[in-house]
Amino acid sequence: MKPTKKREKEVIEIYDKWMYSYLNGDVETYDSYLDTNFHFIGSTDNEEFLNRKDTTKFFEATAEQLSGKSQIRNETKIVEQFGELIFITHLFDAWFLNIEEWNYYGRFRFSNILEQNEKSWHFVYQHYSTPDVKAQEGETIGFEQISKENLELREAIKRRTIELEIKNRELEIEGALERIRTKALAMNITDDLLDVVVTLRTEFVKLGYEAQYFWHMMWLPETYEKAMTSGDGSKIGFVMSLPRHLHGDIPLLADWEQSNNATVVYPMNAKAAISYVDKMMNLGDFKKIDPQAPTPDDITNIGGLTFIMARTSHGEIGYSLPGIVEHPPKENLQILVKFAKAFDLAHHRFLELQKSARQAREVQIELALEKVRSRTMAMQHSDELQEASFLLDEQVRALNIKTWGCAFNIYGENDSTEWFGNEAGILQTYKVPRAGIFNEYYKKGQRGESLVIKEFTGDECVAHYEYMSSLPIIGNVLKKLKETNNGFPTYQIDHVVYFKYGYLLFITREHVPDAHDIFKRFAKVFEQTYTRFLDLQKAEAQIREAQIENALERVRSRTMAMQRSDELPEAANDLFLQVQALGIPAWSAGYCIWSENKEKATAFMSSEGVIQKPFILPNIGVGYNFLKPSHNGETFHVEELGGELIKEHYEFMRTLPVFGEVLDGVLKAGHSLPTFQIFHICYFKHGYVMFITYERVPKSHDIFKRFATVFEQTYTRFLDLQVKENQATALLTEKKRLENTLSNLQTTQSQLIQAEKMASLGELTAGIAHEIQNPLNFVNNFSEVSNELIDEMNEELDKKDLEEAKAISLDIKQNLEKINHHGKRADNIVKGMLQHSRSSSGTKEPTNINALADEYLRLAYHGLRAKDKSFNAELVTDFDEHIGKVNMIPQDMGRVILNLITNAFYAVNEKNQQKPKDYKPIVSVSTKRVGDKIEIKVTDNGNGIPKHVIDKVFQPFFTTKPTGQGTGLGLSMSYDIVTKGHGGELHVETIENERTQFNITLPVYVTEPIKTK
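Just so it is clear, the structure is predicted and the values come from calculations on it, not from any experiment. (Residues numbered from 1 in each chain as written. Predicted model: local features only at pLDDT ≥ 70, side-chain atom pairs only at ≥ 80, totals over all residues. Heavy atoms only, no water.)

A. Representation of the packing of helix H24 (residues 890-913) against helix H25 (residues 970-981). Where H24 contacts H25, the axes come no closer than 9 Å and their chain directions differ by 140 degrees. The orientation of H24 relative to H25 falls into the category oblique. Between H24 and H25 the crossing geometry is left-handed. Residues Asp892, Met893, Val896, Asn899, Leu900 and Asn903 of H24 form the contact with H25, whose participating residues are Gly970, Leu971, Ser974, Ile977 and Val978. Taken together, the residues of the contact of H24 with H25 sort by class into six nonpolar, four polar and one charged. (Axes fitted to C-alpha atoms, helices over the stretch in contact; angles between N-to-C directions. Helix = DSSP H or I, 4+ residues; strand = E, 2+ residues; numbered from the N terminus. Parallel < 35°, antiparallel > 145°, perpendicular 65-115°, else oblique. Left-handed = near helix turned anticlockwise from the far one by under 90°. Contact = heavy atoms within 4.5 Å. Nonpolar A, V, L, I, M, F, W, Y, C, P; charged D, E, K, R; others polar.)

Quick look at the structure:
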């Protein structure tokens, strides 16, 4: 029926809002209008979802495909009411944005069912479809079809009601599983896993299933780790470790563990159950035991026990039932399997918490190590080890390791220096002799031991302190300790851990096995940091070297990146900037290139980071002589300039073209010229690199030389660029010459290909001669016999013996048929020869591929026999008679088959000439239809093709035959004919010294099947 206008307007508004969210990728709005038990069927095979969660998940994953890329046009909405449900049938044309254009996708029908709850209208069912519109002329929509679909929807609702009743149980189960998962996710510490076991039992019972004890058990390599609830299921009653043979001795359980079965049921009578419990109690290592555990009498009274278990990723979960239950309900087992999967989440969380606990401890340890590492890294003098020893003891105690004190012991030549600290503070550095216990510690370290634990008790401990109190510095401290404590300690444990330069000493008053590895790590950290302390000066030098190398690399990279020779001034600027970046007080730097007579140089300079125009600089001028050191063989020259001489020098420089203008500009700008400077000249083959500083920089001289070495590479690059620029015109001429050469080569190649075709024709000649001789012999023989028979028939006619004459006439007729048959055979051979010899028309025609292959097999064989009478081979054919005529270019495909068969005969003949034992040459040709492909295979049992040339066989001009016996074009032409001419494939399979097989695969273009006899 039709809803009221008010209701219709209300649902249409909701529907339009929802549709807008759907077309624009608004997942939140889209989801808000869906009922919890929403059911959606889309227009594609994979779009069917039975709940709101899955529907929204699918929309979220695909919303991007529609958002801003879809439009609805030519739409019609039909609103109907059936009871409390509203049906909306929406028909429309769908348009989608394809790159930059809107394309019509199709006509859609979108059927919707809405139901009103206390808040608003919600969709309970939707169905997308593409309707088969069969409306009559003048109609827009086929309303009968729509009504039929709405009827189907109402039927679907009835079915849905039944489904929901079934689904209700599934939701109860899913609710139980969800509560188990929630409990698992809420775990904060590893012991919370025990609470999840209790939850397992609680939820299992709430679902109406019976269970006594519930447990989980981890299968570890050597033990089972088991936790089991109390009898009432309210808490954990047992926590234990059990040996693996407990179940290994029970075949049923041992086999189950090795299998892939999800569950196992283990029923035990009273005697077997009591025995199992006794073993568990005697063999188990219990951390917790339930005092209310069943006694043997309890087990006897209930008639035994049944264990029902399900496999988890780490072991099992299970529960027990009283008595013997050999076949528990199947549903119980299925639920237990689901619980096992849910419990895997808890166990995964358990592993994460276990890992987190280890990581937290590791973080604590690493933080303590880092504090010690940081302090020792900051050391500037060995005396600072006093503070580090106190920090070491403090950090060890912060890790809940109860130490009485800690010390660093650094080996000297004949004694050791020790720094001691404890909770009371630090002691002054003191020496310990290499004697007594200290000598024992030293020797064990030299033997390679990493950890020595020495336990002092009673008088031995007192004697040790008496000896220590006799030593300088530490002795005074210990004497005061004796007075304060009314004597020396009577028990302590020394933990000595070694490193490269000595050892660390940790003193405790109790055994701390868990701390041994931590002690070793502190020793390792201290070795690293102390080594770093010793290497500090070396490291600083390395840092400086890295800075220099980086500056050199920047100059090198810039100069090597030059694309034109006129970029040299920019390279000079990079040189200056990198010198300044190293903290060298440079005023100017650059490159000076000798003239041919070395009287002057072209200078490419940068001053204070400003690129100067290149200028000509005389090598001898006022205040300097850069030529003389070079003539004396010097590679590096330093020359200072100051006082009146530097004034005269700059007056001279102002007279130079280009650079004089630069100096005038400096003076006009109000700047003064230098009053002191130093030239640093580094010579190379084509000139020198110049560095001008305001002060002496002796530590930088080596750096200047290294920059000069880099520039020598730069100048080589500069010269290369000049050469390349001069070569550009020559390259264009060479290109034209190469293009002409290529044209000539292509002409030559065409001639060679024609020669190969003529060679293949020659291969056929001898075979054709032999083949045509056979039918001609038959024609001649049968003609002679027929002539004799005619004479005999005439004699019989003369005798009036008509019966005998008729019999002879029949023989003559048979002979004539034979003559006709062999005459046609000769005609076919001639036609085949003519067809092969003439140029290919390039037109495909229906061809009997079997006849073509058989023809060329025999022609090739007889052709080779004509050349070599000693050659012999077995010919094997296997033709698929159900292949129809195939569209191909017969002349071209004949050349391919002939080429492959000729190569096969050549291969077996070559191997036969080597006279291997029991060798029989065999060449086979087969055809077969495989799906929509035709396969032609040519196989020989020759020597095969070597692996190192297998990839070259289809290359033009490549041949394995001796010089003069092959052009190297046969397989190349064959490959082009098959792949380019026929859209097929040609490949080779070979086993060296055994066989070779060429496979031709052609697409099927069959015109008619070949009739079998």
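B. How the structure looks around the environment of Arg564. Tracing the chain through its elements places Arg564 in the loop between helix H16 (536-560) and helix H17 (568-581). Residue class for Arg564 comes out partly exposed when judged on its relative accessible area of 45%. Put simply, Arg564 and Leu721 are 157 residues apart on the chain and 6.2 Å apart in space, counted from C-alpha to C-alpha. (Buried < 20%, exposed > 50% of the residue type's maximum accessible area, 1.4 Å probe, protein only.)

C. View of the packing of aromatic side chains. Scanning all chains against the criterion turns up 62 aromatic pairs. When the centroid spacing of 6.4 Å and the interplanar angle of 80 degrees are considered together, the rings of Trp587 and Tyr650 count as edge-to-face. On the criterion of sequence distance, the pair formed by Trp587 in strand S21 (residues 586-594) and Tyr650 in helix H19 (residues 643-654) is long-range, its members being 63 residues apart. Accessibility assignment for this pair places Trp587 and Tyr650 in one class, buried. When the centroid spacing of 5.3 Å and the interplanar angle of 70 degrees are considered together, the rings of Trp594 and Tyr688 count as edge-to-face. Note that Trp594 is positioned in strand S21 and Tyr688 in strand S29 (residues 687-693), a separation of 94 residues in sequence. With relative accessibility at 0%, the residue Tyr688 sits in the buried group. Its end group placed over the ring of Trp215, Lys226 keeps NZ or CZ at 4.5 Å from the ring centre. Above the plane of the ring of Phe307 lies Lys226, whose end atom (NZ or CZ) is 5.9 Å from the centre. (Phe/Tyr/Trp six-rings, centres within 6.5 Å; stacked < 30°, edge-to-face > 60°. Lys NZ or Arg CZ within 6 Å of the ring centre and 35° of its normal.)

D. A look at the nonpolar core. Counting residues in hydrophobic clusters, the biggest one holds 42 residues, and the most contacted among them are Ile849, Met893, Ile897, Leu900, Ile901, Phe905 and Ile1000. The set of elements that each furnish at least two residues to this core consists of helix H23 (849-867), strand S32 (884-888), H24, strand S33 (922-930), strand S34 (933-940), H25, strand S35 (985-991) and strand S36 (995-1003). Ignoring any residue separated from it by four or fewer positions in sequence, one finds Ile901 in contact with Ala853, Tyr856, Leu857, Ala860, Val925 and Val938. Of all hydrophobic cores here, the second largest spans 35 residues; its members include Ala211, Val239, Ala340 and Leu353. (Core = buried A, V, L, I, M, F, W, Y, C linked by side-chain atoms within 4.5 Å.)

E. Examining the side chain of Thr312 more closely. Here Thr312 shows up in the loop between strand S12 (305-311) and strand S13 (315-322). For Thr312, a relative accessible area of 7% puts it in the buried group. Of note is the side chain of Thr312, whose polar atom sits 3.2 Å from the side chain of His314. Within the local environment of Thr312, its side chain forms a polar contact with the backbone nitrogen of Gly315, the two atoms lying 2.9 Å apart. Each residue touching Thr312, except ones within four places of it in the same chain, is listed here: Ile317, Ala340 and Asp344. (Polar contact = N/O pair within 3.5 Å; in protein donor to acceptor, adjacent residues only side chain to side chain.)

F. View of the sheet that holds S33. Taken in spatial order, the five strands make up an open sheet running S31-S33-S34-S36-S35, and their pairing is mixed. Looking at which strands have only one partner, the edges of the open sheet turn out to be strand S31 (874-878) and S35. The mean inter-strand angle of the sheet, taken between neighbouring strand axes irrespective of direction, is 15 degrees. Where S33 and S34 come together, eight bridges link them in antiparallel fashion. What sits directly across from Lys928, in S34, is Glu935. Helix-sheet contacts for H24 involve S31, S33, S34, S35 and S36, and the interaxial angle to S34 is about 25 degrees. On the sheet, H25 packs against S35 and S36 and is oriented at approximately 135 degrees with respect to S35. (Pairing = 2+ DSSP bridges.)

G. The arrangement of H24 in detail. Here H24 spans 34 Å end to end across 24 residues, near enough to the 34 Å set by a 1.5 Å rise per residue. The element H24 is extensively covered by neighbouring structure, given that 20 of its 24 residues are classed as buried. Immediately beyond the C-terminal end of H24, within one or two residues, lies Lys915, with a positive phi of roughly 55 degrees. (Expected span 1.5 Å × (residues − 1).)

H. Up close: the sheet that holds strand S11 (residues 285-288). Strand order across the open sheet formed by seven strands is S10-S12-S13-S7-S8-S9-S11, with antiparallel pairing between neighbours. Two strands bound the open sheet, and with one partner strand each, they are strand S10 (263-268) and S11. On average, each strand axis in the sheet is tilted by 20 degrees relative to the strand beside it, whichever way the strands run. Bridge analysis of S10 against S12 gives six bridges, and the strand direction is antiparallel. Bridging from a neighbouring strand, Val264 pairs with Met309 of S12.

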